[in-house]
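# Analysis of the macromolecular model
Here are the chains, one letter per residue:
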Amino acid sequence: MNGFRRKKAFVVTIDGPAGSGKSTVAKRAALETGLRYLDTGKLYRAIALYLSRQSIPPVESENLKGILSRLSLKLEDDVVLVCGQDVTNEIHTPAIDSIVSLYAALPSVRERLLDLQRMQAEAPGLVADGRDMGSVVFPDADLKIYLTADSRERARRRYLEQSAKGDEISMEKALSIVLSRDETDSRRTIAPLVIPEGAVVLDTTGVPPEEVTDEVVRLMKETYRRKSEEDLADVR
Ligand code: C5P
């Protein structure tokens, strides 16, 4: 922004279930405010792709920990690199949708990604989307948002996205993948999908992404102003 000038990074977290509009809204809000955008789902997807291609099952083990500690994983703007290879265009498929939550539930996978995610919070700031951004990765975030929407609408969004890319998937299949990811993401023991304490909850059912983005940007500006005044008051 165009105004977001604190030395300390201004961190905004956007959590929510699959298809709630997180990525679209987080990306637009970051662009409008000049902050960096972090799509953490991309990292979990890249790991799921890599491990499944190596025929490593989603089961916790010492062997898995070793593999993950040696794995080279990099984020360069919108691009995710695994062992130096750009996999960005291979991770948003129905096949990865079906398995990613199983890998994301493993403690060693989550541990592997923790520092990498936190390192992205540099000044002027970051808009990060995921499932545990406000609860685990950035518990002291300046602003926490939780997006949700009716499950049929979320499935319809995923169905339209996949169809636009030419991936054959029925509406029923899209719904069943969304529901099964909701279940796995919400029930896992480590960093489950929850509404983080202090989060603003926005229901995006029937609301166009532009409107949700406007509301998020409004909340960001309001929070930024308030925090800057608090910082000044501390100095005085
Ligand atoms: O957001 P996206 O749909 O790309 O996320 C893919 C999957 O990655 C989620 O269903 C979830 O299992 C996992 N994930 C997670 N924690 C995050 C981001 C994504 O567990 N912060």
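Scroll up to find the structure.
Fair warning: this is a prediction, and the values are worked out from it, not measured in the lab.

## Quick look at the packing of helix α2 (residues 40-53) against helix α4 (residues 94-104)
- Remark: α2 packs on α4, axes separated minimally by 9 Å, with the N-to-C direction vectors making an angle of 95°. The orientation of α2 with respect to α4, classified from their angle, is roughly perpendicular. Between α2 and α4, the residues in contact are Tyr-44, Arg-45, Ala-48, Leu-49, Leu-51 and Ser-52 and Ile-96, Asp-97, Ile-99, Val-100, Tyr-103 and Ala-104, respectively.
- Across the contact of α2 with α4, the residue classes break down as nine nonpolar, one polar and two charged.

## A few points about a negative patch on the surface
- Residues Glu-76, Asp-77, Asp-78 and Asp-86 make up a contiguous surface patch of negative charge.
- For Asp-86, the location among the structural elements is in strand β5 (residues 85-86).
- Accessibility expressed as a relative area gives 42% for Asp-86, which makes it partly exposed.

## Section: the site of the ligand
- Near the ligand lie 16 residues; those nearest to it are Arg-45, Arg-110, Arg-181, Asp-185 and Arg-188.
- One nitrogen or oxygen atom from the side chain of Ser-101 is found 3.1 Å from an oxygen atom belonging to the ligand.
- The separation between an oxygen atom of the ligand and a polar side-chain atom of Arg-181 is 2.4 Å.
- In this structure, the ligand is accommodated by the largest pocket.
- The set of elements that each furnish at least two residues to the shell around the ligand consists of α2, α4 and α8 (171-187).
- For the shell around the ligand, the leading source of residues is α2, giving four residues.
- Its residues placed into classes, the shell around the ligand shows four nonpolar, four polar and eight charged.

## Observations regarding the sheet that holds β5
- Strand order in this open sheet of three strands is β3-β4-β5, and the pairing throughout is antiparallel. Every interior strand has two partners, whereas the edge strands, β3 (73-76) and β5, have only one.
- Where β3 meets strand β4 (residues 79-82), four bridges bridge the pair, whose relative direction is antiparallel. For Leu-75, the partnering residue across the bridge sits in β4 and is Val-80.
- Across the sheet, α2 is in contact with β3 and β4; its angle to β4 comes to roughly 30°.

Conventions we followed
Starting from 1, residues in each chain are numbered consecutively following that chain's sequence as written. The predicted nature of this model means local features are confined to residues of pLDDT at least 70 and side-chain atom pairs, given and counted, to a pLDDT of 80 or more, with totals for whole chains, interfaces and linings taken over all residues. Heavy atoms throughout the structure, all of them, feed into the side-chain values; hydrogens and water do not. Lines fitted to the C-alpha atoms define the axes, with helices restricted to the stretch that makes contact. Angles between their N-to-C directions range from 0 to 180 degrees. Going along the chain from the N terminus, every DSSP run of H or I of four or more residues is numbered as a helix, and every run of E of two or more is numbered as a strand. In this scheme, roughly parallel covers angles under 35 degrees and roughly antiparallel covers those over 145, while 65 to 115 is roughly perpendicular and the rest are oblique. A contact between two residues is defined here by any heavy atoms of the two lying within 4.5 Å. Each residue is assigned to one class: nonpolar for Ala, Val, Leu, Ile, Met, Phe, Trp, Tyr, Cys and Pro, charged for Asp, Glu, Lys and Arg, and polar for all the others, Gly among them. Distance thresholds for patches are 9 Å for like charges and 5 Å for nonpolar side chains (Val, Leu, Ile, Met, Phe, Trp, Tyr), applied to residues having over 30% relative accessible area and no salt bridge. Methods summary: accessible areas were calculated by the Shrake-Rupley approach with a probe of 1.4 Å, and residue burial reflects only the protein chains presented. When a carboxyl oxygen of Asp or Glu lies within 4 Å of a side-chain nitrogen of Lys or Arg, that pair is called a salt bridge. Under the counting rule used here, the positive set is Lys and Arg, the negative set is Asp and Glu, and His together with the chain ends is not counted. Here the site of a charge means atom NZ of a Lys, CZ of an Arg, CG of an Asp or CD of a Glu. Working definition: with a 1.4 Å probe on protein chains only, accessible area under 20% of the residue-type maximum means buried, over 50% means exposed, and in between means partly exposed. Put simply, a residue is near a molecule or strand once any heavy atom of it comes within 4 Å of that molecule or strand. Think of a polar contact as two N or O atoms within 3.5 Å of one another; within protein, one of them needs to be a possible hydrogen donor and the other a possible acceptor, and neighboring residues in sequence only count if both atoms come from side chains. As defined here, a cavity is a set of points on a 1 Å grid over the protein atoms alone where a 1.4 Å probe fits but cannot get out. A pocket is an open set with protein on both sides within 12 Å along at least five of seven lines, and residues line them when an atom is within 4 Å of a point. Molecules are considered to sit inside a cavity or pocket once more than half of their atoms lie within 2 Å of its grid points. Think of it this way: DSSP has to see at least two bridges between two strands before they count as a pair.

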